[in-house]
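# Remarks on the overall topology
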Amino acid sequence: QVQLVESGGGLVQAGGSLRLSCAVSGLRFSMYAMGMFRQAPGNEREFVAAIRWSGDSTYYANSVKGRFTISRDNAKNTVYLQMNSLEPEDTAVYYCAAALRSSSWYTNLRESYGYVYWGQGTQVTVSS
């Protein structure tokens, strides 16, 4: 059974930092690219960041570039999202997702449909 479990969300003031973790089990983690998405109330789910299965390539939405960093530890089956300089606009439920290693992932890495497995989400609230 595949499980993706996010943690690390919470309430933080604008300008603060949070580190999200996503622990993965039930699949061969090193064979999967990982993505982070978020969804604010009334909005569609949007791409935040992604990292290749080997960890040597990362991708970011323009809105978070320079503030967020995605990383992974394949020995711990965990992906991390370090979020700095948080803004109220970053308030959302954050989800991690997994996509099987393939050449097509590069085309779809910013799309929800490019990922097969999803976590349950963790709430991030940034107060002004």
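Anything mentioned here points back to the structure above.
To start, this report covers the structure provided alongside it. (Residues numbered from 1 in each chain as written. Predicted model: local features only at pLDDT ≥ 70, side-chain atom pairs only at ≥ 80, totals over all residues. Heavy atoms only, no water.)

The next thing to look at is the pattern of salt bridges. Pairing of side chains with opposite charge becomes possible as their charged atoms draw close. By the definition in use, this model includes five salt bridges. The salt bridge partner of E46 is R38, with a shortest N-O separation of 2.6 Å. Among the residues examined, E46 registers a relative accessible area of 36% and is labelled partly exposed. Between R67 and E87 there is a salt bridge whose closest N-O contact spans 3.9 Å. Of this pair, R67 sits in the loop between β6 (58-60) and β7 (68-73) while E87 sits in the loop between β8 (78-83) and β9 (92-100), placing them 20 residues apart in sequence. Judged by its relative accessible area of 12%, R67 is buried. Given a relative accessible area of 33%, E87 falls into the partly exposed group. (Salt bridge = Lys/Arg side-chain N within 4 Å of Asp/Glu carboxyl O. Buried < 20%, exposed > 50% of the residue type's maximum accessible area, 1.4 Å probe, protein only. Helix = DSSP H or I, 4+ residues; strand = E, 2+ residues; numbered from the N terminus.)

Take E6: it is sitting in strand β1 (residues 3-7). For the buried E6, which has no salt bridge, the nearest side chain bearing the opposite charge is R45, at an N-O separation of 7.7 Å. Separated by 3.1 Å, the side chain of E6 and the backbone nitrogen of Q120 make a polar contact. Not counting the four nearest positions on each side in its chain, E6 is found in contact with S21, C22, Y94, Y95, C96, G119, Q120, G121 and T122. (Lys, Arg positive; Asp, Glu negative; His and termini not counted. Polar contact = N/O pair within 3.5 Å; in protein donor to acceptor, adjacent residues only side chain to side chain. Contact = heavy atoms within 4.5 Å.)

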